[in-house]
Amino acid sequence: MQRIKRVLLKGWVTAWVIACAVTLSACVGPPVQEMSNARQAIAAAQEAGAGKVAAENLERADTLLRSAEQRLQEKRYREARRAAIAAKQEAVEALARTKNADDNK
């Protein structure tokens, strides 16, 4: 019985270590998906005409994306990830404002 408990404990510890390693590795690498998401959101906002209705949001999104690209070049991945996520949020806001303006016409 003691041996079974030891084997189970080792299994749980191993699983926990693997889970931690996977979680940490997701934060360390280049934010490829976040950059792609930001670019797609900006493109969708531009296509919807956000430049006329929500120009400030769209400009902030572009600025944040350029910042994320610069940080990516510098291998400052956490900062690049944050900037890319913020760029996407600004683009989504621009798109929402554009759709609201269209609905109110």
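None of these values were measured; they are calculated from a predicted model. (Residues numbered from 1 in each chain as written. Predicted model: local features only at pLDDT ≥ 70, side-chain atom pairs only at ≥ 80, totals over all residues. Heavy atoms only, no water.)

### Description of helix H5 (residues 77-103)
Working step 1: Taking 1.5 Å per residue as the helical rise, H5 with its 27 residues ought to reach 39 Å, and the 39 Å between its terminal C-alpha atoms agrees with that figure.
Working step 2: For H5, the full list of buried residues reads Ala80, Arg81, Ala83, Ala84, Ala87, Glu90, Ala91, Ala94 and Thr98. (Helix = DSSP H or I, 4+ residues; strand = E, 2+ residues; numbered from the N terminus. Expected span 1.5 Å × (residues − 1). Buried < 20%, exposed > 50% of the residue type's maximum accessible area, 1.4 Å probe, protein only.)

### Things to note about the pattern of salt bridges
Working step 1: One pass over the structure, following the stated rule, counts eight salt bridges.
Working step 2: For Arg76, the salt bridge goes to Glu74, with nearest N and O atoms at 2.5 Å.
Working step 3: For Arg76, a relative accessible area of 36% translates into the label partly exposed.
Working step 4: The partner of Arg76 in a salt bridge is Glu79, with the nearest N and O atoms 2.4 Å apart.
Working step 5: Residue classification places Glu79 among the partly exposed residues on the basis of a relative accessible area of 31%.
Working step 6: Through salt bridges that share partners, Arg71, Glu74, Arg76 and Glu79 make up one connected network. (Salt bridge = Lys/Arg side-chain N within 4 Å of Asp/Glu carboxyl O.)

### Structural notes on the nonpolar core
Working step 1: Counting residues in hydrophobic clusters, the biggest one holds 16 residues, and the most contacted among them are Ile42 and Leu65.
Working step 2: Elements supplying a minimum of two residues to this core: helix H2 (32-47), helix H4 (55-73) and H5.
Working step 3: Beyond its immediate sequence surroundings of up to four residues, Ile42 is in contact with Leu58, Ala61, Asp62, Leu65 and Ala91. (Core = buried A, V, L, I, M, F, W, Y, C linked by side-chain atoms within 4.5 Å. Contact = heavy atoms within 4.5 Å.)

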